[in-house]
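Close look at the chain arrangement
Below, each chain spelled out in residue letters.
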Amino acid sequence: MMKVIGLMSGTSADGIDAALVEIAGADSLQWRLLQYAQLPFHEPLRSEVLACMTERGGTVARICALNVALGEAFAAAAKRVADDAGVPLHAIDAIGSHGQTVWHIPGQATLQIGEPAVIAERTGVAVVSDFRARDIAAGGQGAPLVALVDALLLTHPAKTRAAQNIGGIANVTFLPAGSAQGAFAFDTGPGNMLIDDAARRMTQGAQQCDTDGALAAQGRVHDALLRELMRHPFLQAAPPKTTGREMFGAHFGAQVWAEAAAREICPRDVIATLTMFTAASIADAYRRFLPAPPAEVIVSGGGARNPTLMRMLQGQLGARVTTSDDAGIPSDAKEAIAFAILAHRTLRGCAGNLPAATGARHPVVLGCITPASAGARP
């Protein structure tokens, strides 16, 4: 039995999710969540993260400095979740840190920062990091990596399921009934990213997201704008496929906002339309690319907390829509749990990618290991 901390900061770049997980076995997985913590980025750090996700802002000097600053933030998150659980750091076997993605070129290169040497030095715990690079070296897109964990934890003996994560970007794992064999995954398109961007624009920065979907609930979907959005080339491309802020970030949000202003579409209707864009693009991906309609859709990520988005998704799909909480996996903690499990697999020498999801030529052991230093133990 190992105690592993998983650390995750997604494309929304709103903070760090940390999960302390007790794990045994590999494919016959036994796991238990001991503690979950969420540490929001303080505003100067978040602004720097978002700036470094742009071509003009992401200079070598800024990314270099941010790499170390994020290492400190990830280390603080690891300490926090261990402290909350009442588990001393010397009892933690490893930390799995996904890091913060600042740029992703599908199938070519990807960059996640948050210096693992800083995390190891501050905590005295071995760190597994840089999970995506080995999959890309094996011909994959480096994502989605949570697909293997979805297959291990959520495959149902009798029901075909879809595990739908809605973070900044949305991605689905198709889970055929009875066996993890045949599972595959891909990014469906935008998740919360464009909704968050519109909420910031509408409130002039007072809100960083549409809390509880309240703004979208006050608006109406603009059908003509939605039709234009649904013609985006990414939605037509066949899997394997991944995307990020490079495609659906602030520049795309600015284009939508300007187009809406030119059409005199009110801000609440813009947010309602972008919320429906997320729901409709997910449903469209299912119709286009899943081999069979799922009987059940299990939603995780920040989108699971948006009742307006969840209602729209239910309306677009014929399946039962629920959350991973109902399946015993806290939706906010799911990706951090996944990277604890992937780190555990790396340490056991087990493959962590699902080639049917990423497009890799074969399964590979993921990540780089930064050893613990006995002298660094706090």
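Structure: see above.
So, how was this worked out
- Residues numbered from 1 in each chain as written.
- Predicted model: local features only at pLDDT ≥ 70, side-chain atom pairs only at ≥ 80, totals over all residues.
- Heavy atoms only, no water.
- Helix = DSSP H or I, 4+ residues; strand = E, 2+ residues; numbered from the N terminus.
- Rg over C-alpha atoms; globule rule 2.2 N^0.38 Å.
- Buried < 20%, exposed > 50% of the residue type's maximum accessible area, 1.4 Å probe, protein only.
- Contact = heavy atoms within 4.5 Å.
- Areas by Shrake-Rupley, 256 points an atom, 1.4 Å probe, with all protein chains shown as cover.
- Lys, Arg positive; Asp, Glu negative; His and termini not counted.
- Charge placed at Lys NZ, Arg CZ, Asp CG, Glu CD.
- Phe/Tyr/Trp six-rings, centres within 6.5 Å; stacked < 30°, edge-to-face > 60°.
- Lys NZ or Arg CZ within 6 Å of the ring centre and 35° of its normal.
- Axes fitted to C-alpha atoms, helices over the stretch in contact; angles between N-to-C directions.
- Parallel < 35°, antiparallel > 145°, perpendicular 65-115°, else oblique.
- Left-handed = near helix turned anticlockwise from the far one by under 90°.
- Nonpolar A, V, L, I, M, F, W, Y, C, P; charged D, E, K, R; others polar.
- Pairing = 2+ DSSP bridges.

With that settled, the discussion passes to the overall build of the protein chain. Of regular secondary structure, the protein chain possesses 15 helices and 12 strands. Against the compact-globule benchmark of 21 Å for 378 residues, the protein chain has a radius of gyration of 20 Å, which places it among compact chains. Seen along its three principal axes, the alpha-carbon backbone of the protein chain occupies a region of about 65 × 50 × 35 Å. The 378 residues of the protein chain split such that 58% are buried. The long-range share in the protein chain, meaning contacts at least 24 apart out of those at least 6 apart in sequence, stands at 69%. For the protein chain, the accessible area works out to roughly 14,700 Å², and carbon and sulfur atoms hold 52% of it. Within the protein chain, one finds 31 positive and 33 negative side-chain charges whose respective centroids are separated by 3 Å.

With that out of the way, let us pick up the packing of aromatic side chains. All chains considered together, the criterion is met by 6 aromatic pairs. Aromatic side chains Phe 131 and Phe 339 sit 5.2 Å apart centroid to centroid with 70 degrees between the ring planes, which places their arrangement in the edge-to-face category. Taken together, the residues Phe 131 in helix 4 (residues 131-137) and Phe 339 in helix 14 (residues 334-347) connect sequence positions 208 residues apart. With 5.8 Å between their ring centres and 85 degrees between their planes, Phe 186 and Phe 289 make a pair best called edge-to-face. Of the two residues, Phe 186 is situated in strand 9 (residues 184-190) and Phe 289 in helix 12 (residues 267-289); the sequence distance between them amounts to 103 residues. Three or more aromatic residues link up through ring pairs in this structure, and these residues are Phe 174, Phe 184, Phe 186 and Phe 289. Over the ring of Phe 234 we find Lys 241, and its NZ or CZ is 4.5 Å from the ring centre.

Okay, the packing of helix 11 (residues 250-262) against helix 12 next. Where helix 11 contacts helix 12, the axes come no closer than 10 Å and their chain directions differ by 130 degrees. By the angle between their directions, the pair helix 11 and helix 12 is classed as oblique. When you trace helix 11 past helix 12, the crossing you get is right-handed. On helix 12, the residues touching Val 256, Trp 257 and Ala 260 of helix 11 are Pro 267, Val 270 and Leu 274. Tallied by class, residues from the contact of helix 11 with helix 12 come to 6 nonpolar, no polar and no charged.

Relative to the helices and strands, Gly 58 resides in the loop between helix 1 (43-52) and helix 2 (60-85). A sequence separation of 45 residues divides Gly 58 from Trp 103, and the C-alpha atoms of the two residues are 9.2 Å apart. Excluding its chain neighbours within four sequence positions, the residues that come into contact with Gly 58 are Ala 51, Cys 52 and Ile 63.

A few words now on the sheet that holds strand 11 (residues 320-323). The strand order 9-8-7-10-11 describes an open sheet built from 5 strands, whose pairing is mixed. Pairing within the sheet leaves two strands with one partner each, and these edge strands are strand 9 and strand 11. Within this sheet the neighbouring strands show an average axis-to-axis angle of 25 degrees, counted without direction. In this structure, strand 7 (residues 161-166) lies alongside strand 8 (residues 169-175), joined through 6 bridges in antiparallel fashion.

Attention now goes to helix 6 (residues 193-202). The buried fraction of helix 6 is high, at 9 of 10 residues. For helix 6, the set of buried residues is Met 193, Leu 194, Ile 195, Asp 196, Asp 197, Ala 198, Ala 199, Arg 200 and Met 202. Two residues or fewer after helix 6 comes Gln 204, characterised by a positive phi angle close to 55 degrees.

Purely spatial values, then, with no claim about function.
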